[in-house]
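These are the residues of each chain, in order.
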Amino acid sequence: ATALNDFLKCPWRYFYKDLLQLPEEKVSNLLYGSAIHQALNSFIQELKTSTPDENFLITTFNKSLARLMGESEEKEKFQQRGERALRIYHQQKASKWKNNLLGEMKINGVELDKDITLNGRIDMIEGASNPKEVIVYDFKTGKHKSKEAIEDYRRQLTFYKLLLEKYHLGKY
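Residues numbered from 1 in each chain as written. Predicted model: local features only at pLDDT ≥ 70, side-chain atom pairs only at ≥ 80, totals over all residues. Heavy atoms only, no water.

Help me understand the packing of aromatic side chains, please; the structure alone is not making it clear to me.
Under the criterion given, the structure shown has seven aromatic pairs. Ring centres 5.9 Å apart and planes at 65 degrees place the aromatic pair Phe 43 and Trp 97 in the edge-to-face group. Of this pair, Phe 43 sits in helix 3 (residues 28–47) while Trp 97 is found in the loop between helix 5 (75–92) and strand 1 (101–113), placing the two residues 54 residues apart along the sequence. Grouping residues by exposure puts Phe 43 and Trp 97 together as buried. (Phe/Tyr/Trp six-rings, centres within 6.5 Å; stacked < 30°, edge-to-face > 60°. Helix = DSSP H or I, 4+ residues; strand = E, 2+ residues; numbered from the N terminus. Buried < 20%, exposed > 50% of the residue type's maximum accessible area, 1.4 Å probe, protein only.)

Written as structure tokens, this is what we have:
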């Protein structure tokens, strides 16, 4: 979905970023988002064998942020912001999660048509009460979005639906 959104915004961006895969400058906001995602994914993995707490989440986030940002000027600001966000998120959501979750699931090689192959990554999948249904989570760390960005999300959700319907003969 990201590549499609890149193309719709700017075909040249799509060409350089998604087809040629030229490296991009690491933006602090994106590094922060990656650290949050890594911490949540580690938390989900840890749920399979134990009961991780808020400190596990915060510690994992801080290690990821340090690895990604080093000693940049903005690191402390993002560290405080992330710790605050994760404490609230743990209290309201993550502390209630069960071990029926799949974290950061990569899906590659889903054939939509003979000439169209889809690849994607889903942040988290939770089993639903109906065994033929799942709940898909896509963690977002940015500010509230514009109407245009909401259209990007709608495309992203449609993309997830297509991926999951075609993946392993509709297993999800």
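Explain the nonpolar core here, please?
As a rule of thumb, soluble globular proteins bury nonpolar side chains together. Core analysis: the biggest nonpolar cluster contains 21 residues, and Leu 40, Phe 61, Leu 86 and Trp 97 have the highest contact counts within it. The element contributing the most residues to this core is helix 3, with nine residues. Residue contacts for Phe 61: discarding those within four places in its chain leaves Tyr 32, Ala 35, Ile 36, Ala 39, Phe 78, Gln 79, Gly 82, Glu 83 and Leu 86. In terms of nonpolar packing, the next biggest core, distinct from the first, is built from 11 residues, Ile 125, Tyr 160, Leu 164 and Tyr 167 among them. (Core = buried A, V, L, I, M, F, W, Y, C linked by side-chain atoms within 4.5 Å. Contact = heavy atoms within 4.5 Å.)

Help me out: how do you make sense of helix 5 in this one?
Each full turn of the α-helix corresponds to 3.6 residues, which orients residues three or four apart in the same direction. Over its 18 residues, helix 5 extends 25 Å from the first C-alpha to the last, a length consistent with the 26 Å expected when each residue adds 1.5 Å. Within helix 5, the full set of buried residues consists of Lys 75, Phe 78, Gly 82, Glu 83, Leu 86 and His 90. Buried positions in helix 5, seen along its axis, are confined to an arc of 135 degrees and lie on one side of it. In this structure, helix 5 carries Arg 84, Gln 91 and Gln 92 as exposed residues pointing more than 90 degrees from its buried face. In this structure, the buried residues of helix 5 make contact with helix 3 and helix 4 (54–69). (Expected span 1.5 Å × (residues − 1). Arc of directions from axis to C-beta.)

Before we go on, may I ask you to explain the layout of surface pockets in this structure?
Unoccupied space between atoms shows up once a probe the size of one water molecule is rolled over them. Taken as a whole, the second largest pocket spans an internal volume of roughly 260 Å³. For the lining of the second largest pocket, the secondary-structure elements that each account for two or more residues are helix 3 and helix 5. Ranked by residues supplied to the lining of the second largest pocket, first place goes to helix 5 with six residues. Here the residues of the lining of the second largest pocket sort into eight nonpolar, three polar and three charged. (1 Å grid on protein atoms, 1.4 Å probe; cavity = no way out; pocket = protein on both sides within 12 Å on 5 of 7 lines; lining within 4 Å. Points joined across faces, edges and corners; volume = space filled by probe spheres on them. Nonpolar A, V, L, I, M, F, W, Y, C, P; charged D, E, K, R; others polar.)

Explain the environment of Glu 133 to me, please; I cannot follow it from the model alone.
Here Glu 133 lies in the loop between strand 2 (116–127) and strand 3 (134–137). Given the relative accessible area of 45%, Glu 133 is considered partly exposed. The residues touching Glu 133, leaving out its near neighbours within four places in the chain, are Gly 127 and Ala 128.

Please explain the pattern of salt bridges as it appears in this structure.
Side chains carrying opposite charge are able to pair once their charged atoms draw close together. Per the counting criterion, the structure on display carries eight salt bridges. Residue Lys 77 pairs with Glu 74 through a salt bridge whose shortest N-O separation is 3.8 Å. What makes Lys 77 partly exposed here is its relative accessible area of 48%. Since its relative accessible area comes to 33%, Glu 74 is described here as partly exposed. As a salt-bridge pair, Glu 165 and Lys 161 come within 2.3 Å of each other at their nearest N and O atoms. (Salt bridge = Lys/Arg side-chain N within 4 Å of Asp/Glu carboxyl O.)

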